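# Observations on the model geometry
Listed below are the residues making up each chain.
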Amino acid sequence: MGSRGIASYNESDKRPPTKKSMPTRFVQGFRELLTEALDTVDPASSKKLNKCIGVYAFYDYDGEPIYVGQTREDFGTRIGRHLRGQRSDTLAYRILDPFEVADVELYPIEDLRTDPDRKSKLDAIEYSVYVNAIKNSKYQAILNEKIPPRLNARRLARVIPFRSHTPGHA
């Protein structure tokens, strides 16, 4: 005999909930806002952000940096893996709790996609974002599992912020 507990869907007259209805309304709202942000067109490349490469930073509800990373595939895929817990490295699971992410900053650099020196340039931008996040942190810290390669800092030309809430109203 199947369980009759609250979370059981073994009763024949009850249908299991759809995947879309499973997360809380807050999580659904966050996903909708993030999808909207990633559908924004990067003015420099005329591509939607979800298809751009670049550097990204996650912040918590207090505006404190949680993680800075880069993607050479695209923002949509990489950020999606972070927020759905589909990272391949175990250490990252301990660093980034998707439910703590309130803000995301995107630094699209699609123009570097075909640059032969793309990796070192992405590393330099990631390091610059990392240093800047620590500098602006109340605690002068970040939870990254690794420090990006130390390279000459680059001026951060453009940032596209995504806010899941109004500052001060977590």
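Structure: see above.
Everything numeric in this text was worked out from a predicted model, so none of it was measured.

About the criteria used
Residues numbered from 1 in each chain as written. Predicted model: local features only at pLDDT ≥ 70, side-chain atom pairs only at ≥ 80, totals over all residues. Heavy atoms only, no water. Helix = DSSP H or I, 4+ residues; strand = E, 2+ residues; numbered from the N terminus. Buried < 20%, exposed > 50% of the residue type's maximum accessible area, 1.4 Å probe, protein only. Contact = heavy atoms within 4.5 Å. Polar contact = N/O pair within 3.5 Å; in protein donor to acceptor, adjacent residues only side chain to side chain.

By secondary structure assignment, the location of Lys146 is in the loop between helix H4 (118-135) and strand E4 (160-163). It is 9.7 Å that separates the C-alpha atoms of Lys146 and Tyr67, two residues lying 79 residues apart in sequence.

Glancing now at unusual backbone geometry. Even without a glycine there, the phi angle at Ser46 is positive, about 65°. Counting through the fold element by element, Ser46 comes out in the loop between helix H1 (25-38) and strand E1 (54-59). Looking at Ser46, the relative accessible area reads 60%, which means it is exposed. In this model, Gln140 sits at a positive phi of 55°, which is unusual for a non-glycine residue. With respect to the helices and strands, the residue Gln140 is situated in the loop between H4 and E4.

Tracing the backbone through its elements, the reader meets Gln70 in strand E2 (residues 65-71). Judged by its relative accessible area of 13%, Gln70 is buried. On a C-alpha basis, the gap between Gln70 and Tyr107 in space is 9.1 Å, while along the polypeptide they are 37 residues apart. Apart from residues no more than four positions distant in its own chain, Gln70 is found in contact with Gly54, Val55, Tyr56, Arg78, Leu122, Asp123 and Glu126. At 2.8 Å, the side chain of Gln70 forms a polar contact with the side chain of Asp123. A distance of 2.7 Å separates a polar atom in the side chain of Gln70 from a polar atom in the side chain of Glu126.

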